[in-house]
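Each chain, letter by letter, is given below.
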Amino acid sequence: MTTRVPRHVAVVGAGPAGLAAADAALGAGARVTLIDSAEQPGGQYHRMLPDAYDAAHPERLQHGWHAFDRRRRRVLAHPHCTWLPETTVWALERPAPEETGPPRLHLLRGPADGAGRTRHTLDPDALLLAVGAHDRVLPFPGWELPGVFTAGAAQALAKGERVVVGDHVTVAGSGPFLLPVAAALLEAGSRVSAVLEANPPSTVARGWSRRPWELAAQAGKTGELAIYTSALLRHRVPYRTGRTVIEARGDGRVEEVVSARLRPDWSVVPGSEHTTAADALCVTHGFSPQLELPLAAGCALRTTAAGPFVDTDDDQRTSRPEVYAAGEITGIAGAPAARAEGAVAGWIAGGGDPAAPAVRRLRRSRDQGRAFAERLARAHPIGAAWPGWLRPETVICRCEETDYASLCRAACDPAGASPRVAKLATRAGLGPCQARVCGPTVAELHTRLSGDPADGLPVAGPHRRPIAQPIRLGELAAPPEPLPHHAPRTPPKKESSS
Amino acid sequence: MSPRRVPAGSDATGRRDRPLRITVDGEPADGIAGQSLAGVLLAAGRLAWRRGPSGAARGVFCGIGVCFDCLVTVNAERDVRACRRRAQDGDEVTTQSRHTDRNPPPTADGTPGTEER
Amino acid sequence: MYGTRVTVLGAGIVGAACARELAQAGFDVTVVDRGGAAAATTSHGEGNVLVSDKGPGPELQLAQLSRRLWPEVLAAIAEGSARGAEAAAAVEWEPKGGIVVATTEAGARELSAFAAAQRTASVRADVLDADALADAEPFVTRDHTAALHYPDDAQVQPAAAATALLADALATGATLRTGCEVLGALTRGGRLTGIHTTAGRLGTDLCINAAGPWSGDLAARLGAPVDVRPRRGDVLVTTPLPPTVFHKVYDADYVGAVGSSSEDLQTSAVVESTRAGSVLLGSSRRRVGFDDRLRPDVLSAVAAKALRLFPGLAGVPVMRAYGGFRPYVPDHLPVIGPDPRLPGLWHVSGHEGAGIGLSVGTARLVRHLMLGRPTEIDPAPFRVDRPAVLNAAAHPGSEETV
């Protein structure tokens with residue numbers, strides 16, 4: 001009789017996908033290390049109130065709280081699960097080409113951006129990436145003013161610490177995420193002047209109503225959206241389509257916002273501008289997957305109309321051996337699909353039987369989620385004419401304050417038009433956020449302006465960040481310490497001779 | 001009006017507040033245990049605290065650690081994302097700016113520098 | 001030379017500098033790059049224009065020529081046109097000077113002997129006592145045994161420098177073809193008459209191999225292999241800081257690492273700030289082919305060495321790391337000149353980590369050699385038919401890069 005050594009799965013990200021993955025991997029008999037930079041699991045979707053708030057009714061802010069809470073408790077209490085909160089993966093080290101297996105994880109443990117964090121390494125049998133996405137916000141004049149927030153910021157502050165960003169708030173951009181953000185603001189007592197969806201009704205309807213049977217499968221999601229819509233109705237908040245905010249104005253902070261009617265390609269209809277007083281503006285134009293870790297692991301991407309995402313097979317395997325991906329980094333499909341993907345990935349990564357009936361059901365649910373994602377992308381595309389609202393002095397890179405005119409100049413110089421050279425010349429993307437915010441926008445504008453000049457070597461792209469999170473020099477100089485409860489990777493079993 | 005905290009009395013979550021106090025450039029700011037530094041700063045009436053390269057004011061933008069707009073120095077550690085760091089009672093926050101920094105780097109022997117350069 | 005066609009293969013800083021000199025000399029210049037201009041090695045370096053790290057010899061002579069030319073070249077570009085003035089300003093030429101610090105007694109002795117030899121070759125190297133060092137670099141370690149100031153060391157933003165040189169070449173009549181890969185040579189009677197590229201055939205009278213670390217591969221494709229190999233270097237970039245580092249400051253080990261041929265990792269501290277406020281921390285040298293994988297142990301070693309020089313930087317965050325491949329010849333000298341095996345082909349490569357600084361002097365040398373004029377320094381040590389260059393067959397590497 002031989003006892004099978006359980007596989008060790010490292011799951012990065014404890015949002016809906018990562019938590020489901022950890023749960024499924026544990027169910028398959030694996031040992032799991034669950035890693036998240038936050039103090040609590042949940043990710044952005046299930047952002048929890050701090051323990052110190054001692055909330056009697058945390059469920060009142062959360063859609064699907066009870067199921068999440070059960071899973072959270074089950075995973076964290078599991079004897080084969082090590083939960084590493086406040087832990088960031090600052091680098092992934094790929095094995096040499098002749099070696100198999102996932103990359104080595106380089107971790108920092110301790111308070112966010114703290115100076116005394118400890119450095120560790122981890123060598124699992126499988127790496128499962130479920131690191132999620134963040135708002136993509138297109139630049140517009142005045143978007144750098146204090147009082148302009150991403151929609152995600154407004155939601156995180158309201159749900160996560162009961163802070164509302166303002167009293168007269170405009171919510172603008174595109175996508176179904178506008179609704180829960182407006183609902184969260186209303187719940188916390190803000191007045192929301194309007195919710196502005198940039199796409200016209202025709203575009204939205206085309207995406208949402210084609211093949212309605214697919215929606216039925218996403219009942220969880222549509223039910224959730226219905227709740228938000230009724231909150232808007234209750235508070236008499238107008239939901240306008242084909243309109244967006246093209247400028248924020250104010251002296252040192254937002255005081256008013258200018259909205260305008262848009263054509264289907266997001267070109268501004270002249271004369272349709274309208275100015276509203278506002279003390280906060282919340283914006284989102286979609287989501288940007290956090291691709292630095294998948295790229296550091298060497299995972300191939302697939303290009304979609306909504307941008308690049310990690311390419312996975314039917315079992316959530318990426319192009320790299322023993323590296324799996326789940327959730328928003330594979331496509332923006334919402335929490336139900338993320339959970340299904342996480343469960344498939346965790347089960348397979350944990351050594352579960354790919355033919356198990358439960359996993360077949362999960363794959364179906366995952367596929368319905370992906371279909372839903374495609375519909376979303378069709379209903380809420382970014383219109384090609386959006387740069388029409390930029391002015392020469394509009395800030396594109398918030399960190400370095402690179403303006404649109406500088407980008408245009410760099411892109412049109414034949415001697416300096418390669419994206420990397422233009423980046424060094426304009427500094428767009430070289431600041432502390434390392435192009436997380438402006439990267440996709442700069443890449444898009446540069447391609448349009450320069451006619452896609454050759455970079456030659458594999459283009460680094462806006463998501464490549466070999467140092468995935470900042471690390472202080474003192475932390476980097478220190479040698480890694482052993483991680484508690486983690487033996488080194490089990491060497492392949494040899495025939496015993498004794 | 002500015003950002004504010006939902007009053008505990010009318011908060012549907014039934015939370016219980018434990019006050020804490022931090023200082024920002026020496027000025028006191030009150031918050032409650034569990035808040036991020038960004039949350040404390042916003043609810044204490046500060047919408048912006050950093051200055052960009054041109055001197056323009058910046059505060060919170062993404063709120064989830066992506067944009068690095070909300071960087072502050074906390075207890076002499078520079079470049080801390082205020083939206084990600086939990087506030088601790090007594091934290092000394094100093095604001096940062098690219099060119100006229102109030103936080104000169106430490107001197108050669110590791111003690112915080114005082115000279116203005 | 002009017003009408004003589006020269007094709008420069010490689011639009012990095014060396015190719016750009018050659019294109020500019022040759023276009024000014026009246027050649028009909030075409031610059032070809034398989035990627036974008038300045039997109040590879042040139043934009044993955046620190047922008048060193050150094051004399052301090054070179055002992056007496058041919059490379060120092062080339063460095064001194066280049067150091068003299070840099071301000072002249074930038075001034076000429078700036079005077080040419082308004083766009084030229086803009087391009088020259090973007091180069092961020094900074095004659096900030098270098099400071100070399102030794103932290104051991106042995107290091108101090110070596111540094112002192114090295115500087116004494118350099119002074120015989122007219123390098124300015126001034127001894128700094130503890131007070132003078134603290135004055136020049138208030139944040140540098142006080143735990144040092146010797147320090148020297150090299151006032152002639154300078155720094156540029158390397159991609160902008162290449163852009164300025166190339167733009168000036170284009171303004172003088174040169175042509176640029178990017179996204180065009182060389183597949184082989186066209187020859188007649190043992191002489192190179194053109195190149196075969198992914199964009200078709202290109203006739204030429206002379207061809208310059210300026211492909212940096214890919215020069216070995218390219219030379220092999222053209223049928224005249226040279227032993228130029230890639231050597232990887234990694235650089236760390238901190239978040240922007242208030243002014244902290246005022247010169248290019250490096251430890252005395254650097255000189256040894258530059259000259260070493262070891263395949264093993266060599267690290268030494270090179271610390272300097274950029275205009276945007278970030279501090280750049282180097283440097284490492286590894287011979288790993290074109291392997292672009294991030295190696296945290298290498299970055300850790302670089303950080304540890306840098307903290308020995310600047311202990312106060314321990315709390316500063318690193319936000320980015322980049323690695324580049326530098327063209328390296330086993331005898332550590334550039335290759336500059338015609339290839340006697342294939343008339344019409346020239347090689348201008350192998351500058352290792354010094355290519356940014358040496359580019360303008362190299363290009364001037366090439367111009368005079370091509371015109372058959374007297375050169376300012378002796379070109380013989382750089383000739384192609386020396387054993388280190390022709391000994392081995394080319395070392396093909398993968399096409400991967402950072």
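That block above? That's the structure.
K.L.:
Mind showing me how you'd approach the overall build of chain A here?
P.N.:
When helices and strands are counted, chain A shows 14 helices and 24 strands. What you see for chain A is a C-alpha radius of gyration of 23 Å, in line with the 23 Å of a compact globule of 498 residues. Judged by the C-alpha coordinates and their principal axes, chain A covers about 85 × 55 × 45 Å. Taken over 498 residues, chain A has a buried fraction of 60%.

K.L.:
Just checking my understanding: could you explain the overall build of chain C for this structure?
P.N.:
Assigned secondary structure in chain C consists of 11 helices and 19 strands. Computed over its C-alpha atoms, the radius of gyration of chain C comes to 21 Å, within 12% of the 21 Å expected for a compact globule of 402 residues. With the C-alpha coordinates of chain C rotated into their principal frame, the extents come out at 65 × 45 × 40 Å. Within the span of chain C, comprising 402 residues, buried residues form 64% of the whole. Taking as baseline every contact in chain C between residues at least 6 positions apart, the subset at least 24 positions apart corresponds to 76%. When the accessible surface of chain C is split by element, carbon and sulfur atoms take 51% of a total near 13,100 Å². Here chain C contributes 37 positive and 43 negative side-chain charges, whose respective centroids are spaced 5 Å apart.

K.L.:
Which parts of the structure should I look at to understand the interface of chain A and chain C?
P.N.:
Opposite the 42 residues of chain A that make contact, chain C presents 47 residues. In this assembly, chain A packs against chain C so that about 3,500 Å² is buried in total across both faces, 64% of it on carbon and sulfur atoms. Along the contact surface separating chain A from chain C lie one salt bridge. In this structure, aspartate 292 of chain C and arginine 94 of chain A form a salt bridge, with 3.4 Å as the shortest nitrogen-oxygen distance. On inspection of chain A and its partner chain C, the count reaches 15 residue pairs in polar contact (both at pLDDT 80 or more). Of all the secondary structure elements, the ones that give two or more residues to the side of chain A that touches chain C are strand E4 (87-93), helix H12 (419-426), strand E24 (471-472) and helix H14 (473-477) of chain A. Considering only residue class, the side of chain A that touches chain C consists of 24 nonpolar, seven polar and 11 charged.

K.L.:
Explain the sheet that holds strand E16 (residues 274-277) of chain A to me, please; I cannot follow it from the model alone.
P.N.:
Neighbouring strands of a sheet are bound in pairs by backbone hydrogen bonds; such pairs are parallel or else antiparallel. Residue and element names in this part refer to chain A. Read across the open sheet, the three strands follow the order E14-E15-E16; overall the sheet is antiparallel. Single-partner strands in this sheet number two, and they are strand E14 (243-249) and E16. Across the sheet, the mean angle separating the axes of adjacent strands is 30° when strand polarity is ignored. Summarising the sheet, E14 and strand E15 (residues 256-261) pair through six bridges and their orientation is antiparallel. By the bridge assignment, alanine 248 is partnered in E15 with valine 257.

K.L.:
Whenever I open this one, the pairing of strand E12 (residues 206-209) of chain C confuses me. Can you help?
P.N.:
Note on strand geometry: in a regular strand, side chains alternate between the two faces of the sheet. Residue and element names in this part refer to chain C. Residues Leu206 and Ile208 line one face of E12 and the alternating positions Cys207 and Asn209 line the opposite face, and both faces are buried. Where strand E1 (residues 5-9) and E12 come together, four bridges link them in parallel fashion. Residue pairing across strands places valine 6 opposite leucine 206, the latter belonging to E12. Taken together, the three bridges between E12 and strand E19 (residues 345-349) define a ladder with parallel strand orientation. Across the sheet, the residue bridging to cysteine 207 is leucine 345, located in E19.

K.L.:
Help me understand the sheet that holds strand E9 (residues 148-150) of chain A in this model?
P.N.:
Residues and elements named next belong to chain A. In spatial order, the strands read E9-E17-E11-E12-E13; together these five strands make up an open sheet with parallel pairing. A single partner strand is all that each edge strand has here, and the edge strands are E9 and strand E13 (239-241). Neighbour-to-neighbour, the strand axes of this sheet turn through a mean angle of 20°, independent of strand direction. As paired elements, strand E11 (residues 168-173) and strand E17 (residues 280-284) share five bridges and run parallel to each other. Note on E17: the bridge partner recorded for valine 169 is alanine 280. On the sheet, helix H3 (residues 151-161) packs against E9 and E17 and is oriented at approximately 85° with respect to E9. Contacts from helix H4 (residues 178-187) reach E11, strand E12 (191-197), E13 and E17 within the one sheet, and its direction differs from that of E12 by about 175°.

K.L.:
Is there a simple way to think about the interface of chain A and chain B in this case?
P.N.:
Size of an interface, as often reported, equals the accessible area lost when the parts are brought together. Between chain A and chain B, the contact holds 58 residues from the first and 48 residues from the second. Between chain A and chain B the total buried area reaches about 4,500 Å² when both faces are included, carbon and sulfur atoms providing 51% of it. Three residues, Tyr53, Arg162 and Glu401 of chain A, lead the burial of chain A against chain B; their summed loss comes to 14% of the area buried on that side. Aspartate 69 of chain B is the partner of arginine 398 of chain A in a salt bridge, and the nearest nitrogen-oxygen pair spans 2.6 Å. Counting every contact that joins chain A to chain B gives 24 residue pairs in polar contact (both at pLDDT 80 or more).

Rules and cut-offs
Residues numbered from 1 in each chain as written. Chains lettered and ligands numbered in written order. Predicted model: local features only at pLDDT ≥ 70, side-chain atom pairs only at ≥ 80, totals over all residues. Heavy atoms only, no water. Helix = DSSP H or I, 4+ residues; strand = E, 2+ residues; numbered from the N terminus. Rg over C-alpha atoms; globule rule 2.2 N^0.38 Å. Buried < 20%, exposed > 50% of the residue type's maximum accessible area, 1.4 Å probe, protein only. Contact = heavy atoms within 4.5 Å. Areas by Shrake-Rupley, 256 points an atom, 1.4 Å probe, with all protein chains shown as cover. Lys, Arg positive; Asp, Glu negative; His and termini not counted. Charge placed at Lys NZ, Arg CZ, Asp CG, Glu CD. Buried area = accessible area lost by both parts, 1.4 Å probe. Salt bridge = Lys/Arg side-chain N within 4 Å of Asp/Glu carboxyl O. Polar contact = N/O pair within 3.5 Å; in protein donor to acceptor, adjacent residues only side chain to side chain. Nonpolar A, V, L, I, M, F, W, Y, C, P; charged D, E, K, R; others polar. Pairing = 2+ DSSP bridges. Axes fitted to C-alpha atoms, helices over the stretch in contact; angles between N-to-C directions.

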